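Each chain, letter by letter, is given below.
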Amino acid sequence: DKPAQADFEGITIVDDRFYMVTSWGRVYESFEGEDDDRMLYNTYDTGVGKKCEVEGLTYEPADHALLLLCKNPRVKELEDRLAIFEWSLDDRLPVDEPSIEIPLDRLTDGIDEKDFQPSGIDRNPRRARLTVYPPPR
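Residues numbered from 1 in each chain as written. Predicted model: local features only at pLDDT ≥ 70, side-chain atom pairs only at ≥ 80, totals over all residues. Heavy atoms only, no water.

Participant: Just checking my understanding: could you explain the sheet that holds strand β5 (residues 52–60) for this structure?
Facilitator: By way of backbone hydrogen bonds, the strands of a sheet pair with one another, either parallel or antiparallel. Pairing is antiparallel in the open sheet, where 4 strands are placed in the order β5-β6-β7-β8. If you trace the sheet from one side to the other, it starts and ends with β5 and β8 (100–103), each paired once. When the angles between neighbouring strand axes are averaged without regard to direction, this sheet yields 20°. Pairing analysis gives 7 bridges linking β5 to strand β6 (residues 65–73), with the strands arranged antiparallel. Considered in β6, the bridge of Tyr 59 is made with Leu 66. (Pairing = 2+ DSSP bridges. Helix = DSSP H or I, 4+ residues; strand = E, 2+ residues; numbered from the N terminus. Axes fitted to C-alpha atoms, helices over the stretch in contact; angles between N-to-C directions.)

As structure tokens, then:
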């Protein structure tokens with residue numbers, strides 16, 4: 001009966017399901033409804049929130065997984081890195097380590113690394129290429 005209320009940071013659709021993620025890495029899963037319908041939903045703790053603030057979500061079909069983009073690290077080992085966590089839609093278990101890590105100095109040529117705070121992630125299905133927003137200058 002209670003609608004989902006959270007600080008949502010990304011949304012993606014996989015087959016017939018909608019997935020939304022909060023800044024603490026909690027994933028909400030539901031089906032599409034008609035106008036004014038209230039839909040049941042499931043929530044999952046991805047485990048990512050203890051490592052970083054999440055700010056983006058996309059689907060990786062090759063692994064049947066959601067990719068969660070780290071905006072602000074909450075642990076020292078992710079400082080100075082762009083981190084992307086992969087959360088399996090098959091296992092739905094918390095993850096501890098990012099699947100992709102890139103040193104920020106490789107991405108931020110000409111800008112202060114502290115100013116680089118990504119706000120979204122997308123996957124181009126034709127090229128299997130990830131884009132992080134905003135892109136480094």
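Participant: Sorry if this is basic, but what is going on with the pairing of β5 here?
Facilitator: Where a strand is regular, its side chains alternate between the two sheet faces. Most of β5 is tucked away: 9 of the 9 residues are buried. Hairpin connection, β5 to β6: the antiparallel pair is bridged by 4 residues, and His 64 has positive phi, about 45°. (Buried < 20%, exposed > 50% of the residue type's maximum accessible area, 1.4 Å probe, protein only.)

Participant: Got a minute to help me understand the sheet that holds strand β4 (residues 41–45) in this structure?
Facilitator: What the 4 strands build is an open sheet, ordered β1-β2-β3-β4; its pairing is antiparallel. A strand with exactly one partner marks an edge of an open sheet, and here the two such strands are β1 (8–14) and β4. On average, each strand axis in the sheet is tilted by 20° relative to the strand beside it, whichever way the strands run. Where strand β2 (residues 17–22) and strand β3 (residues 26–31) come together, 5 bridges link them in antiparallel fashion. In the strand pairing of β3, Tyr 19 is matched with Glu 29.

Participant: I'm lost on unusual backbone geometry in this one. Help?
Facilitator: Most peptide bonds are trans, and most residues other than glycine sit at a negative phi. Phi at Asp 15 takes a positive value of approximately 55°, unusual for a residue other than glycine. Of note, Asp 15 is situated in the loop between β1 and β2. Judged by its relative accessible area of 69%, Asp 15 falls in the exposed class. A positive phi angle is found at Asp 80, which is not glycine, with a value near 65°. Relative to the helices and strands, Asp 80 is located in the loop between β6 and β7 (81–88).

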